[in-house]
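# Descriptive analysis of the structure
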Amino acid sequence: MEFADRYNTALVCQRWHFLACHPRLWLRVDRTIKDLSEPGVFPSIEMAVSAARPGDTILIAAGGDHLASNIQINKPLCLIGGGEVPDETMLFCSRGSDSALEFLSTCKLANLTVKAELGCCLLHRSGRLTIDGCILQCETDPLDYLSCPIVSTAGAGDILSSVKTPRGDSVSVSQTRIEGGAKAVLTNGDLALQRVRVIYSRDSVYFWFDVEHT
């Protein structure tokens, strides 16, 4: 079962959610894990990504900050926060890193908060990246020009053809709050920002947009 199907299955009802979220079907990240011999459970995101097979889903435990600095993902994966809301699962990228996560394949992020002290939260190189129900936070002052929640270099000519997807590159964002940074998204390749909707409320701004290969 592909990660998109498994994620959608979990939304049907409580019984299906229990079955779809059974630990045997997911890789898990839990910083508090003491028994490293437990199958499918890892103390860090980097270790879980390294062990994952294409199409796997990684469930990241809620509570505390998970370090995520320059983690390259070159296979189809789904990363989901284990909390009830994205605020409960924080991926933290410290200064000195280019990004928290770097994507070179089709991937999905859901129910996560990604915070970058300086740099970008998500670096999209190639593939179809889906960001659903997340929070992306960047510095706003004084070096916000160095910060950007999403950076895409797809099509810039610096990625090997072996990691490109046959159907093209894209970034799709929905139900996601973007905070800080000089821009919501920065593209350095031949990607165009299309179909933008911004909804403003008293305490937040929500963006829905697609970045498509042109």
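Presented here is a report on the structure given in the accompanying data block. These figures come from a predicted structure and were not determined experimentally. (Residues numbered from 1 in each chain as written. Predicted model: local features only at pLDDT ≥ 70, side-chain atom pairs only at ≥ 80, totals over all residues. Heavy atoms only, no water.)

Another point: the side chain of D132. For D132, the position within the fold is in strand β12 (residues 128-132). Despite its burial, D132 pairs with no opposite charge, the nearest such side chain being K108 at 4.3 Å. Within the local environment of D132, its side chain forms a polar contact with the side chain of S174, the two groups lying 3.0 Å apart. (Helix = DSSP H or I, 4+ residues; strand = E, 2+ residues; numbered from the N terminus. Buried < 20%, exposed > 50% of the residue type's maximum accessible area, 1.4 Å probe, protein only. Lys, Arg positive; Asp, Glu negative; His and termini not counted. Salt bridge = Lys/Arg side-chain N within 4 Å of Asp/Glu carboxyl O. Polar contact = N/O pair within 3.5 Å; in protein donor to acceptor, adjacent residues only side chain to side chain.)

Another point: the pattern of salt bridges. A side chain of one charge can pair with a side chain of the opposite charge when the charged atoms of the two come close. All chains considered together, the criterion is met by four salt bridges. Of the charged contacts, one joins R53 and D56 as a salt bridge, the two residues approaching to 3.9 Å between their closest N and O atoms. Note that R177 and E179 form a salt bridge whose closest N and O atoms lie 2.6 Å from each other. Overall, the relative accessible area of 18% leaves R177 in the buried class. A residue is classified by how much of its surface remains accessible, and E179, at 28% relative accessible area, is partly exposed.

Quick look at the environment of D87 now. Structurally, D87 can be placed in the loop between β6 (77-81) and β7 (90-93). Dropping the residues within four chain positions of it, D87 is found in contact with T113, I135 and R177. (Contact = heavy atoms within 4.5 Å.)

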